Amino acid sequence: MRNADLKKPEPGMDVRYCFTPPDETPEAVLDQISDLVASNGGVGTSWIKENLQKAFLIGYAICEDRVVGTSTHKYPKEQYRKKIETETGLDFSGYLERGYTAVDPEFRDMGIGGKVIQGLIERSEGQKIYVTIDMENLWPLRMTHRVGMVLAARFINDRTGHGLGVFTNVTPCRNVLKVNLEQYH
Ligand SMILES: CC(C)(COP(=O)(O)OP(=O)(O)OC[C@H]1O[C@@H](n2cnc3c(N)ncnc32)[C@H](O)[C@@H]1OP(=O)(O)O)[C@@H](O)C(=O)NCCC(=O)NCCS
């Protein structure tokens, strides 16, 4: 059964929340998460499953044996982290990156996305987390605000020309080394 065949949500339908590291996440679930993200996540679709397999923690909501919502705390790719640090002058070393967040369109605006990202935060105790969000994408902005993550910096996405917000659960430090080096150029 594909996501397109999902039943519409009805009152009383049970939604179950799971949070597992990649090696404890069933292969079939990883496939469903990859499909959901590829069709709704607004992110590049290559390597989703491979990246999930290297993640810190994967969150997902299940309804009637189908994944209807998901988000992941990943180890950011160094090249991408450095790009954000260059753009913002902040230090994101040691941070996890929230990504691959998507809820099936039939199941949106029911609090599912919020519960998945809140559950990930609760199970990532002591971890610093950031997420980048298109400042024109109101749904994830509201959902992220609700779990207490705050805007640390913003910059322009080269690809879309839109403003991107970097939201964090702790206040990031200035990248002092970079700032000092810039004084000599
Ligand atoms: C972002 C997404 C995961 C949210 O999932 P969700 O389960 O609908 O999220 P929630 O129901 O927990 O919260 C959604 C919030 O957006 C609000 N919202 C709903 N429709 C909205 C709209 N048209 N405009 C603005 N906000 C809206 C809801 O009211 C809720 O805010 P609240 O808690 O303050 O009331 C989902 O919209 C999605 O999959 N979007 C496409 C992929 C995407 O944008 N991913 C995030 C990339 S950073």
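Residues numbered from 1 in each chain as written. Predicted model: local features only at pLDDT ≥ 70, side-chain atom pairs only at ≥ 80, totals over all residues.

(A) How the structure looks around the site of the ligand. In the vicinity of the ligand lie 22 residues, with R108, G113, G114, L138 and R142 positioned nearest. Ranked by the residues each element gives to the shell around the ligand, the list is headed by helix α5 (residues 138–146), at six residues. Across the shell around the ligand, the residue classes break down as nine nonpolar, nine polar and four charged. (Near = placed C-beta within 6 Å. Helix = DSSP H or I, 4+ residues; strand = E, 2+ residues; numbered from the N terminus. Nonpolar A, V, L, I, M, F, W, Y, C, P; charged D, E, K, R; others polar.)

(B) Focus on the nonpolar core. Counting residues in hydrophobic clusters, the biggest one holds 20 residues, and the most contacted among them are I33, V37, Y60, V68, I112 and V116. At the level of elements, α1 (27–40), α2 (48–52), β2 (57–63), β3 (66–74), β5 (95–103) and α4 (112–122) are the ones that each hand at least two residues to this core. The residues contacting I112, other than those within four sequence positions of it, are V15, A61, V68, G69, V103 and F107. (Core = buried A, V, L, I, M, F, W, Y, C linked by C-beta atoms within 7 Å. Buried ≥ 20, exposed ≤ 12 C-beta atoms within 10 Å, placed from the backbone. Contact = placed C-beta atoms within 7 Å.)

(C) Highlighting the sheet that holds strand β7 (residues 150–156). If you trace the seven strands from one edge of the open sheet to the other, you get β1-β2-β3-β5-β6-β8-β7, paired in mixed fashion. Strands at the two margins of the open sheet, each flanked by one partner only, are β1 (15–20) and β7. Pairwise comparison of adjacent strand axes, ignoring direction, gives a mean angle of 25° for this sheet. Here β3 runs beside β5; their pairing, made up of five bridges, is antiparallel. Bridge assignment links H73 to a residue of β5, and that residue is R98. (Pairing = 2+ DSSP bridges. Axes fitted to C-alpha atoms, helices over the stretch in contact; angles between N-to-C directions.)

(D) Representation of the pairing of strand β6 (residues 128–134). Extensive coverage of β6 is indicated by the burial of five of its seven residues. Handedness of the β5-α4-β6 crossover: right-handed. Examined bridge by bridge, β6 and strand β8 (residues 163–168) share five bridges and lie antiparallel to one another. Paired with D134 across the two strands is L164, which belongs to β8. (Right-handed = clockwise from strand over helix to strand, strands pointing away.)

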